[in-house]
Every structure is written in C-alpha cells, then in structure tokens.
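Observations on the model geometry
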Amino acid sequence: MPMQKRVYIETYGCQMNEHDTERILRLLESSNYLETKDAQEADFILINTCSVREKPEHKVYSALGRYKWLKEKRGAIIGVAGCVAQQEGNKLLNRVPYLDMVIGTHAIPMLPQLLQKIEFFGQRICETGFDPEGNYLKTILPQKPPVVGSIRLDKVNLSTHQPEGLGLLEVHPEPGLSTPASKAGLRAAERVKSYVTIMQGCDHFCSYCIVPYVRGREQSRPSREIIEEVRHLAEMGVKEIFLLGQNVNSYGKGLEEEINFPKLLRRINEIEGLQRIRFTTSHPKDLSEELIQAFSKLPKLCEHIHLPFQSGSDKILKAMHRGYTKDSYLEKIDRLKEVCPFIAVTSDVIVGFPGEEEKDFEETLDLIRKVRFDDLFSFKYSPRKGTRADQFTDKVEEKVKQDRLSILQEIQKGITLQKNQELEGRVEEVLVEGLSKQSEKDVTGRTRSNKIVNFKGDVNLVGKLVPVRITNAYPHSLRGEIIPAQDLSICNLRSVIPRKA
Ligand code: SAM
Ligand code: SF4
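Remember, it's a predicted structure, so these values are computed and weren't measured experimentally.

**Overview of the environment of Q4**
Within the element layout of this structure, Q4 appears in the segment before β1 (5-11). Each C-alpha atom of the pair Q4 and Y33 lies 6.3 Å from the other, and the pair is 29 residues apart in sequence. Once residues within four sequence positions are removed from consideration, Q4 is found in contact with N32, Y33 and L34. Side-chain polar atoms of Q4 contact the backbone oxygen of N32, separated by 2.8 Å.

Have a look at this one:
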C-alpha cells in the first residue's frame, strides 16, 4: 500500500475558485492525496489564484517565496493554478525555478496525470490550453478514497494525445467517480451545502473584466450531468445546493438539448432529499420573466438573488458594456419584489470606473437608496491588462475612488443594518450549517434569504431545518432562539412571517 500523501491548497478569490479547490481535492483523493491544513506536512502545495480584482501576481510570488524552503527540505511539489496561472503560463515557470507546475482553469481534470509526470519523470509542467469540448467541466463526484495497490507505471495513464491546437492532454473519466459514495467522501464544509458548477467562462466581455480571458468562453454542462451530481449529493445528505456560473441566466446556450436555466431549476427542484437551491451569478440583462416566476413557483428555490448592477449611471453602464440601463435594472427589481415580496437582493458595484463623474456616482447612490440592497459588495475599479477599459484614458484618481467607496459603504452599512432589524421578532427557517466559531454552546446557520443566524444549540442540529425567532440584528449577522415544537403551528416555514400577536 503506497504511503498516503498530503496536499495543501491556498485559495484566493470567489466561490468559483473555492469550488475549484473542492473539485481538486475530490479528484486528488483518487490519487491517494488527502487534504492537510498545514503546509509543512504537505507533499503537494498548490496556490489557487484569482486575478479578477487584486494585484494577484504579487500575492502569488510572495506565497511561492514562503514555500521555497519546503521544496528544499521535503521535496514538496509546488504548483500554481487558476486565473494567474492561466494568464502568466510559462512566465511563472521561468521566473521561479523551484515551481513544478502551472495549471490553467481548464486543466483541473488532468491534475492526477500531471502530478504523476512530475513524481515519476521530474518534468516541469505548464498546461494552460482551453478545452472547447468542456471536458474540464465533467462531474467530479465526492468519493471514499479508494484502496490503492502499488502504483504500476505501465498502468498509469500518461496519454500524450494532444487535441489539435489545444496543448491539452486527453481527459479520461476518472475511475469510480460516478459511483455513489459514502458521506465520508464529503469534506465537513460540504456536508450540509455543496457547490455545483453548471457552466464556466463568459461571453459578455464587460469592458473592465478579465474573466472571459482567463476562464474562456461560456460553456454549459449537460443537464444530465448536473442532475446526476445534485442527486448524488442529496443522497449523501447534502441539504442545500449552490449552483455556480458567471452568468447562470444564459445557461443552456450551445447545448444540444433544449434547456434553459429556469427549466434546469425545475428539474433540480424535484430531487428528493434536497431542501434548498441557490445560485449565483445572475446578469441583469438576461434575467427573464420565467426566472423571476421561478421564485414563486419552486418551493426549494431560496428567496435570494445576487444581481450585480455595477453602476447607476447609464453613461458608465454603456462604457462598461453591461447591456442595461438604471431604469431597466430597477424595473427588474420591482418585478422580483412583486412576484416574491420577501426576496433578499444583494449586488456588486464598482466605483471610479474611467469617466465616472460626481453626477454618475450620485446616480449610483440613488440606485442603492431605491433598491435598499440586503448586502452589497463594493469595489474600486482596478485596471486589468488586456481588457478594453484598460485603454480608456479618463481614469479616476485613486483618492477620489477611495472617497467614493467610503461614502457608498457608509450608506450601505446603514441599509444592511436596517434590513436586518426588520427581521427582529420574525420567525425564519434556518438551515444549521455547523457549530459557531464564537461559542461552543451556539450553532450557526442561514435563513432562506441567506442571512447568518447564531443561536443556542448543539451538534445534533447540524444539517437540520429549524424555525428560529430572530431576537437581535447586527451589521453582519442575526441572533435568534429556536422555536419549541409546540409553537411550530404558527410558522409558515416557506417565508418570513410576522410574530404572532
Ligand atoms: N459575472 C458576474 C456579473 O457579471 O455580475 C460577476 C463576476 S466578477 C468575478 C465579480 C465582481 O467583481 C463583478 O461583479 C465586479 O463588481 C467585480 N469586478 C470585476 N472586474 C473588476 C475590476 N476590473 N475592477 C473592480 N471590480 C471588478
Ligand atoms: Fe465579467 Fe461581465 Fe462576464 Fe460577469 S458578465 S464575468 S462581469 S465579463
């Protein structure tokens, strides 16, 4: 029996990247690698990068510097994955002599084979081709680590078949990946809620955004694969599924089957054992009436939408190439609230985009006050090399950007707190995700509107849906108390209801 090996992954960025890390960990389990949270005991150290906003290259080089001694002392394999790997490619290998592997956003399924190449042949690898067939999106189901005999090199698949013009190795389905697995195959964080990628890449080319360049063009996964994965997770006890894509609203484009996102939601809603469905991200331009209706028709679809607006100024929205106006955005919000009065709305906004004047910024603040978002992720515009906006000359000064960001965040802070306070005294259905980090007597979970609630309880509640009366609202969370069984008749668990008089 070969020795169990350890992998340590440092992840930067959004849920997509977090989920890529989960997929990598699932995949590596079949290659006898178990996750460790301690880099010092790792045989393989991977830095999973994001380049959407920050100065990511600096972070990567400083992380690589931190792990150099582990290469020297223990011979650990060191790799970089994700957007920066995709962007920098061979440049990274050339600059960092002890780096073994650079693996782009489409190459994840090849990781076990690439690792074997490094382990057995000492090769240094750069794999950053795009895969138009979408093989990289294939299901990687959680599984029990298999019992592995001694690895025989002649059995190891080191196919050198290169699909034309791609520089990608042939991707073979991973053995055993489609067999039902025990709960042991799921990492603790995934046992109550799991992420499922339904599509990758983006065709929108917003003028500020690097995603289409580093994640490639939009590709949807066949619905059969998604349903199989969700069913499998539900059978393992997962209660909530978070569907991921850069623009889930255009799901289905390019697939042979006739399907769109609302239809996919309807099919997932029928999966037995599953209790909740969430998704992100929705592009306002493609938010259809059919999807809005889904919020009232599908009982498992949670009352929360993340609908980034980016700016409230029509001039800036046009320069961003977003494809909607302030008014059309507000109309969609009105429609969502008509169909689903308790819906929570969160969003993303960018301040200081090139050409943003004071009056444009005022339009943004006006939109924020009108919608009253439950929460808002706000960013200073950050130029990305290779995007169209990087060529725009009317850049906004850093100090102005910072001032606008502070003003906006202060306004939103007040709104978020008010929105949380509106829930005081109400009963909410909470899915318990785990023990609270603050107190061992508390558990933590989320309402259907995606708000964090802490309340007294023990480990037996984890994974359960419980009615909780909200007692206190804070800026980032809520405090509550579980409703005793005899009071349950007053609760309509589908929605937030006023306290009984
Ligand atoms: N696909 C999603 C959409 O269109 O709404 C967003 C994906 S992007 C990874 C997440 C957020 O990062 C965006 O909504 C935007 O607010 C922000 N973002 C992207 N590029 C940015 C840039 N160059 N500077 C500042 N923020 C940026
Ligand atoms: Fe980026 Fe725009 Fe695509 Fe979102 S829709 S990923 S912001 S290009």
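**A word on the site of ligand 2**
Taken together, C202, H204, F205, C206, Y208, C209, V211, P212, Q246, H283 and R322 make up the full set of residues near ligand 2. Counted by class, the shell around ligand 2 contains 7 nonpolar, 3 polar and 1 charged residues.

**Some details on the sheet that holds strand β14 (residues 375-380)**
With parallel pairing, 3 strands are arranged side by side in an open sheet as β12-β13-β14. Unpaired on one side and paired on the other, β12 (304-306) and β14 mark the two borders of the sheet. Within the sheet, the average angular offset between the axes of one strand and its neighbour, ignoring direction, is 10°. Across 6 bridges, strand β13 (residues 344-351) lies against β14 in parallel orientation. Across the sheet, S347 pairs through a bridge with L376, a residue of β14. Sheet contacts for helix α13 (residues 398-421): β13 and β14; angle to β14, the most-contacted strand, approximately 175°.

**Structural notes on helix α8 (residues 261-269)**
Along α8, the residues that are buried comprise F261, P262, L264, L265, I268 and N269. The buried residues of α8 all sit within an arc of 155° when viewed along its axis, so they share a single face. Taking the backbone nitrogen of K263 as reference, a side-chain oxygen 2.9 Å away marks N260 as the first, capping residue of α8.

**Let's talk about the site of ligand 1**
Near ligand 1, the surroundings consist of 16 residues, among which R53, Q246, Q310, D348 and S382 are the closest. In the model, an oxygen atom of ligand 1 is placed 2.5 Å from a nitrogen or oxygen of the R53 side chain. D348 is positioned with one of its side-chain polar atoms (N or O) 2.6 Å from an oxygen atom of ligand 1. Contact with the protein chains hides 93% of the accessible area of ligand 1, taken as 570 Å² for the molecule alone. The set of elements that each furnish at least two residues to the shell around ligand 1 consists of β13 and β14. Here the shell around ligand 1 is composed, by residue class, of 7 nonpolar, 4 polar and 5 charged.

**Considerations on the packing of helix α11 (residues 326-339) against helix α12 (residues 358-371)**
For any two helices packed against each other, the geometry comes down to the angle between their axes and how far apart the axes lie. Where α11 contacts α12, the axes come no closer than 11 Å and their chain directions differ by 10°. In this view, α11 runs roughly parallel relative to α12, as classed from their interaxial angle. Each of K326, Y329, L330, I333 and K337 in α11 lies in contact with α12, whose residues at this interface are E363, D366, L367, K370 and V371. Partitioning the contact of α11 with α12 into residue classes produces 5 nonpolar, no polar and 5 charged.

**What to know about unusual backbone geometry**
Residues T280 and T281 are joined by a peptide bond in cis, for which omega reads 5°. Locating T281 in the fold gives a position in the loop between β11 (276-280) and α9 (289-297). Within the chain, F205 stands out as a residue other than glycine whose phi angle is a positive 50°. With respect to the helices and strands, the residue F205 is situated in the loop between β8 (199-200) and α6 (211-215). Taking relative accessible area as the criterion, F205 reaches 24% and is therefore assigned partly exposed. For H321, which is not glycine, the phi dihedral falls at a positive 65°. Along the chain, H321 turns up in the loop between α10 (314-320) and α11.

**So, the pattern of salt bridges**
Taken as a whole and judged by the stated rule, the model has 39 salt bridges. The partner of E357 in a salt bridge is K359, with the nearest N and O atoms 3.6 Å apart. For K359, a relative accessible area of 57% translates into the label exposed. Measuring nitrogen to oxygen at the nearest pair gives 3.9 Å for the salt bridge that ties E410 to K413. You can see E410 and its partner K413 sitting in helix α13, 3 residues apart, about one turn around the helix. Relative accessible area serves as the criterion here: at 51%, K413 is assigned to the exposed category. Salt bridges sharing partners connect three or more residues here, namely E240, R276, R278, E303, E429 and R448.

**What to know about the sheet that holds strand β3 (residues 44-49)**
As summarised here, the arrangement of the 6 strands in space is β2-β1-β3-β4-β5-β6, forming an open sheet in which the pairing is parallel. Each of the sheet's edge strands pairs with one partner strand only, and the pair in question is β2 (33-35) and β6 (125-127). Across the sheet, the axes of successive neighbouring strands diverge by a mean angle of 20°, strand direction being ignored. Against the sheet, helix α5 (residues 111-121) contacts β1, β2, β3, β4 (77-82), β5 (101-103) and β6, and its axis sits at roughly 165° relative to β5.

The rules we used
- Residues numbered from 1 in each chain as written.
- Chains lettered and ligands numbered in written order.
- Predicted model: local features only at pLDDT ≥ 70, side-chain atom pairs only at ≥ 80, totals over all residues.
- Heavy atoms only, no water.
- Helix = DSSP H or I, 4+ residues; strand = E, 2+ residues; numbered from the N terminus.
- Contact = heavy atoms within 4.5 Å.
- Polar contact = N/O pair within 3.5 Å; in protein donor to acceptor, adjacent residues only side chain to side chain.
- Near = heavy atom within 4 Å.
- Nonpolar A, V, L, I, M, F, W, Y, C, P; charged D, E, K, R; others polar.
- Pairing = 2+ DSSP bridges.
- Axes fitted to C-alpha atoms, helices over the stretch in contact; angles between N-to-C directions.
- Buried < 20%, exposed > 50% of the residue type's maximum accessible area, 1.4 Å probe, protein only.
- Arc of directions from axis to C-beta.
- Areas by Shrake-Rupley, 256 points an atom, 1.4 Å probe, with all protein chains shown as cover.
- Parallel < 35°, antiparallel > 145°, perpendicular 65-115°, else oblique.
- Salt bridge = Lys/Arg side-chain N within 4 Å of Asp/Glu carboxyl O.

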